[in-house]
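Listed here are the chains, written in short residue letters.
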Amino acid sequence: MSYRIFNFSAGPAMLPTEVLEKSAAALVDYQGKGFGIAEVSHRGKEFEAVNDEAIALCKKLLGLGDTHDVVFLQGGATAFFTIIPMNFLHNSADYLVSGEWSKKAAGSGKEVGKLNIVATSEASNFDHSPLPNEWKLSGDADYFHVCTNETVHGHRLPAWPKHPNLIVDASSEFLSRPHPVSECALVYGGAQKNLGPAGVVLAIVRKDMYPRQKKTPSKLWSFKDQAENKSMINTPPTFGVYVLLEIFRWLEAQGGLAAMEKRNATKAALIYDTIDQSNGFYKGTVSVKEQRSHMNVTYRLPSEELTDELVKTAAKNGMFGLKGYRTVGGIRASIYNAMPVEGAQSLAQFMKDFASKKA
Ligand SMILES: Cc1ncc(COP(=O)(O)O)c(C=O)c1O
């Protein structure tokens, strides 16, 4: 049995031990063939089978039919929010600016064309996502871009918006709950939180978006061309895609996305209840409770000294990676799919003990 601690890092993040063990074995000797899965051509039959099964399982988990394509690309989520306007921004696009990542996405859109910021919560340091009744949607936008879970600020949209051309950055919550991807134009996410190692981006594109695509500088940046070539215009990140396949198999074995949603809600409640019952020792950073993220739990302590002490003492007790985002501070406990309920229980108990000694 491998030595594993509870790793609360925001990304790259903890992956399920079974997935890592199976992937490690496949890296050395794939199905008894005497070579590893990362050592063979992406155009050979072994990797092709991996790619096909990964696409099929991803679609099955999300209940997707033939209307959408699944592609595994590179360049991180950052490359994606950069190439989306290059592909689809003709006249103007709507962006919801609810935190660090959606602000960056809007920043890259601005370089390409006209943007309408439907609402922003920047004035309150992104302590929540603007409520739907504040959004000023333009009606004739080429698309509407949202980030459904703001990794840095610890809030999420309780439900994904409905919009004919919704584009979603789901990086930090992908496959953590059922998602209405079948109703979306495009959903994308960097793998390094819920899906696998850094280096792969999972993108799901509705096929009726292709005729609206502009000409991109290279086929590499064209969703249509990538889908038609099964993400193999150039060498794909083969080992990363293999790990994604193992994650999809693991998710199926856990009972699928509805089961993950339930388990993630249990984990989140353990930590949020501890915050709420601490008589103000811990303060959640999200001002709208219904928006509290089930993936990234953010909170503060009365002083920076106590924050540092908590991070260091927790690490000594097998709970690693609790330091908040570099520009925001405080604590961020990331509890993605791979974090077991015991990890959240352990952190909640540790927080209670810490508060009883320090308050
Ligand atoms: C929601 C979200 N979007 C985009 C990114 C950027 O991802 P990458 O570093 O893979 O480009 C991150 C990274 O943490 C993220 O959390």
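Residues numbered from 1 in each chain as written. Predicted model: local features only at pLDDT ≥ 70, side-chain atom pairs only at ≥ 80, totals over all residues. Heavy atoms only, no water.

In this section: the site of the ligand. In the vicinity of the ligand, the residues found are Gly 76, Ala 77, Thr 78, Trp 101, Cys 147, Asn 149, Thr 151, Asp 169, Ser 171, Ser 172, Gln 192 and Lys 193. Within the backbone of Ala 77, an N or O atom sits 3.2 Å from an oxygen atom of the ligand. Trp 101 places a polar side-chain atom, nitrogen or oxygen, 3.3 Å from an oxygen atom of the ligand. Protein chains shield 84% of the accessible area of the ligand, which is 400 Å² for the free molecule. It is helix α3 (residues 76-88) that provides the largest number of residues to the shell around the ligand, a total of three residues. Grouping the amino acids of the shell around the ligand by side-chain chemistry returns three nonpolar, seven polar and two charged. (Near = heavy atom within 4 Å. Polar contact = N/O pair within 3.5 Å; in protein donor to acceptor, adjacent residues only side chain to side chain. Areas by Shrake-Rupley, 256 points an atom, 1.4 Å probe, with all protein chains shown as cover. Helix = DSSP H or I, 4+ residues; strand = E, 2+ residues; numbered from the N terminus. Nonpolar A, V, L, I, M, F, W, Y, C, P; charged D, E, K, R; others polar.)

Within the secondary structure layout, Asn 264 lies in helix α7 (residues 256-276). A residue is classified by how much of its surface remains accessible, and Asn 264, at 1% relative accessible area, is buried. For Asn 264, the side chain forms a polar contact with the main-chain oxygen of Ser 176, separated by 3.0 Å. In this view, Asn 264 contacts Ser 176, His 294, Met 295, Ile 335, Tyr 336 and Asn 337; residues no more than four positions away in its chain are not counted. (Buried < 20%, exposed > 50% of the residue type's maximum accessible area, 1.4 Å probe, protein only. Contact = heavy atoms within 4.5 Å.)

This part is about the environment of Glu 290. With respect to the helices and strands, Glu 290 occurs in the loop between β11 (283-284) and β12 (296-300). Sequence separation between Glu 290 and Phe 6 is 284 residues; the distance between their C-alpha atoms is 26 Å.

Under the defined criterion, the tally for this structure stands at 16 salt bridges. Here Glu 122 ties to Lys 103 by a salt bridge, and the two come within 2.7 Å at their closest N and O atoms. In this pair, Glu 122 sits in the loop between β4 (114-120) and β5 (144-147) while Lys 103 sits in helix α4 (residues 100-110), placing the two residues 19 residues apart along the sequence. Close ionic contact of Arg 249 with Glu 246 constitutes a salt bridge, the shortest N to O distance being 3.3 Å. Of this pair, Arg 249 and Glu 246 both sit in helix α6 (residues 238-254), three residues apart, which is roughly one turn of the helix. Look at Arg 249 and you get partly exposed, because its relative accessible area is 31%. Of the residues examined, Glu 246 reaches a relative accessible area of 5% and is grouped as buried. (Salt bridge = Lys/Arg side-chain N within 4 Å of Asp/Glu carboxyl O.)

Another point: the sheet that holds strand β14 (residues 331-334). With antiparallel pairing, the three strands of this open sheet are ordered in space as β11-β12-β14. Edge positions in the sheet fall to β11 and β14, since each has one partner strand and no second. Looking at chain direction, β11 and β12 are connected through two bridges and run antiparallel. The partner of Gly 284 across the bridge, within β12, is Tyr 299. Where α7 meets the sheet, its contacts fall on β11 and β12, and the angle it forms with β12 comes to roughly 15°. (Pairing = 2+ DSSP bridges. Axes fitted to C-alpha atoms, helices over the stretch in contact; angles between N-to-C directions.)

The subject of this paragraph is the state of the cysteines. One pass over the structure, following the stated rule, counts zero disulfides. Just so you know, Cys 58 is unpaired, no disulfide at all, and the nearest cysteine sulfur is the one on Cys 184, 13 Å from it. Residue classification places Cys 184 among the buried positions, given a relative accessible area of 2%. (Disulfide = S-S within 2.5 Å.)

This brings us to the packing of aromatic side chains. Counted according to the given criterion, the structure contains 10 aromatic pairs. Here Phe 281 and Tyr 282 contribute two aromatic rings whose centre-to-centre distance is 4.9 Å and whose plane-to-plane angle is 80°, an arrangement assigned as edge-to-face. One exposure class covers both Phe 281 and Tyr 282, and it is buried. Site record: aromatic cluster; members linked through ring pairs are Phe 281, Tyr 282, Tyr 299, Phe 350 and Phe 354. Between the NZ or CZ atom of Lys 104 and the centre of the ring of Trp 101, over which it lies, the distance is 4.5 Å. (Phe/Tyr/Trp six-rings, centres within 6.5 Å; stacked < 30°, edge-to-face > 60°. Lys NZ or Arg CZ within 6 Å of the ring centre and 35° of its normal.)

Once that is clear, we can look at the domain arrangement of the protein chain. Here the protein chain is partitioned into domain 1 (17-254) and domain 2 (256-358). Placing the centre of domain 1 and that of domain 2 at their C-alpha centroids yields a distance of 27 Å. Counting the surface lost from both domain 1 and domain 2, the interface buries some 2,300 Å², and carbon and sulfur atoms represent 54% of this. There are zero salt bridges connecting domain 1 and domain 2. Where domain 1 packs against domain 2, one counts 15 residue pairs in polar contact (both at pLDDT 80 or more). Contributions of two or more residues to the side of domain 1 that touches domain 2 are made by α2 (45-62), α4, β7 (155-156) and α6. (Domains from an automatic or database assignment. Buried area = accessible area lost by both parts, 1.4 Å probe.)

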